[in-house]
Structure formats: C-alpha cells, structure tokens
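Now for the letters of each chain:
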Amino acid sequence: MQDTSERILWAKHVSDKTLTLEIDTAIYSLEAIFRVCYAFTDRCYLFLEPGTTDTSVVVRITEKRPDFDLETVAGEFSNALIDERVRRDIATETMSIRELIVAQAFAEVDIVDRSLSESSYVEDPKGIAI
Amino acid sequence: MTISLSSTIYPRQCLGETIAAFADFCSVSIVHQQNKSYSIEIIPISQVSNEEVLTNEFLNYLLAVSIENHLINRLN
C-alpha cells in the first residue's frame, strides 16, 4: 500500500483527524469552492472560515470514519477544485454559442443568417468563383 | 461548544433553518455578534452521547444549506 503520510504538501495538519487547506479565491472562486465542498459533505466534515488574507478561505476537513484517509481526500478535494475551475472557464468561453443554440431551439423563426452559407453555388454571392 | 462563523459564508437565515432541523438534538444560541461574524454555542440535549459528532454534523448541514442559499441567490 502506498504511503500517504504528508503527501499533500499544501495541506496543514491540525490534528490526527483534521487538516486545513488555505485556498486563494483569486484562483478558485468562492462559487467553485462552494460547489466542491457541497460534493464532499457526504465524505467528510467541512468547515469554512476566512483565511489569512482578504482573498483566501480556509477549508477545514475532518474525518467522518476511523478508516478515513485524510491525505487522499485532501488531494481529491484539490483536484476537484481544478476540475471546477476548468468547468467554469469552459462555461464562460462557450456561453454565447450555448445561448444561441438555445435561442434558436425555442425561436419560431430562424435567427441565424444563412443567406450566404446556404446560397446556390450558381449565384455565388461571396464571389468565390474566378 | 462555542464556534465562530463568518456571516459571509454562513448567512444568518441559514443558521435558523439548521437550528430548526437539529431541534431534537441540540439547542443553539448566538453568544456574540460582529459586523462580519457571529459566534454560536451548541448545547446538546441529554440523550446525545457524542458532542463532537453532533457539532460536526450541525456544521456540515449548515454549510450545505448556506451553499444552496449562495447558489440560488447567484441564479436570481
């Protein structure tokens, strides 16, 4: 079995049952932290408190069961934060196209201008032919 | 047991909802209040054997309610 003792270097051990992670909200938004915490409440006890700076939050993770591996959960929690951050970024990047698709799906008329893309090659409205 | 809570993270209305949910297990009072934080005291009722577990379960429930509140407010 792999040794997990102090494998998560950014975690701070408070006791045998509890460790803390200080998270910069400039990197991971408070919303991302909330979503990840919500997903982990069935596995461990979580407590949030303001961090040492104005832009940080401390997440206190406490074991729920004796066979609980704190380090593993802290690592998975950290990875989940990255997942959530990437998910948020992609959602922001693709927001306009998703809104357009939904708008088109519910619109009674075609809101996309297809006059050029679906024109006859004989008419050649873009003047592609030489 | 007295616990200090950030009112930004744990809104007061969410505390009320959690206190109601845990009414059979403990009584909770606000012992101190500041601009951005407040402190609560959790007093278990006599039948509760493990005070630490009760406190952790209370705080987990409060966190879940608070997160739901934050995310709903964001959508509105």
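Residues numbered from 1 in each chain as written. Chains lettered and ligands numbered in written order. Predicted model: local features only at pLDDT ≥ 70, side-chain atom pairs only at ≥ 80, totals over all residues. Heavy atoms only, no water.

### A closer look at the sheet that holds strand 2 (residues 18–24) of chain A
All names here are of chain A. Strand order in the open sheet made by the 4 strands is 1-2-4-3, with antiparallel pairing throughout. What marks the edges here is a single partner per strand, and that holds for strand 1 (11–13) and strand 3 (44–50). Strand-to-strand, the axes of this sheet are offset by a mean angle of 25°, without reference to chain direction. Bridge analysis of strand 2 against strand 4 (residues 56–63) gives 7 bridges, and the strand direction is antiparallel. By the bridge assignment for strand 4, Leu21 is matched with Val59. (Pairing = 2+ DSSP bridges. Helix = DSSP H or I, 4+ residues; strand = E, 2+ residues; numbered from the N terminus. Axes fitted to C-alpha atoms, helices over the stretch in contact; angles between N-to-C directions.)

### Focus on the pairing of strand 2 (residues 26–33) of chain B
Residues and elements named next belong to chain B. Where strand 2 and strand 3 (residues 37–44) come together, 7 bridges link them in antiparallel fashion. Across the sheet, Gln33 pairs through a bridge with Tyr38, a residue of strand 3. Hairpin connection of strand 2 to strand 3: 3 residues between the antiparallel strands.

### Remarks on the pairing of strand 2 of chain A
All names here are of chain A. Within strand 2, 5 of the 7 residues are buried, leaving the element largely enclosed by the surrounding structure. Strand direction decides the pairing type here: strand 1 and strand 2, joined by 3 bridges, are antiparallel. Following the sheet pairing, Ala11 is matched in strand 2 by Leu21. (Buried < 20%, exposed > 50% of the residue type's maximum accessible area, 1.4 Å probe, protein only.)

### Examining the interface of chain A and chain B
Of the residues lining the interface, 17 residues belong to chain A; the matching set on chain B comes to 19 residues. Inspection of the region where chain A meets chain B yields 1 salt bridge. Of the charged contacts, one joins Arg74 of chain B and Glu31 of chain A as a salt bridge, the two residues approaching to 2.6 Å between their closest N and O atoms. Linking chain A to chain B there are 7 residue pairs in polar contact (both at pLDDT 80 or more). Secondary-structure elements contributing two or more residues to the side of chain A that touches chain B are helix 1 (30–40) and strand 3 of chain A. By residue number, the principal contributor to the side of chain A that touches chain B is strand 3 of chain A, which donates 7 residues. (Contact = heavy atoms within 4.5 Å. Salt bridge = Lys/Arg side-chain N within 4 Å of Asp/Glu carboxyl O. Polar contact = N/O pair within 3.5 Å; in protein donor to acceptor, adjacent residues only side chain to side chain.)

### Overview of the sheet that holds strand 2 of chain B
All names here are of chain B. With respect to topology, 3 strands assemble into an open sheet ordered 1-3-2, the strand pairing being antiparallel. Bordering the open sheet on either side are strand 1 (2–6) and strand 2, each of which pairs with just one other strand. Strand-to-strand twist of the sheet, defined as the mean angle between neighbouring strand axes without regard to direction, takes the value 30°. Across the face of the sheet, helix 1 (residues 12–21) comes into contact with strand 2 and strand 3 while running at roughly 160° to strand 2.

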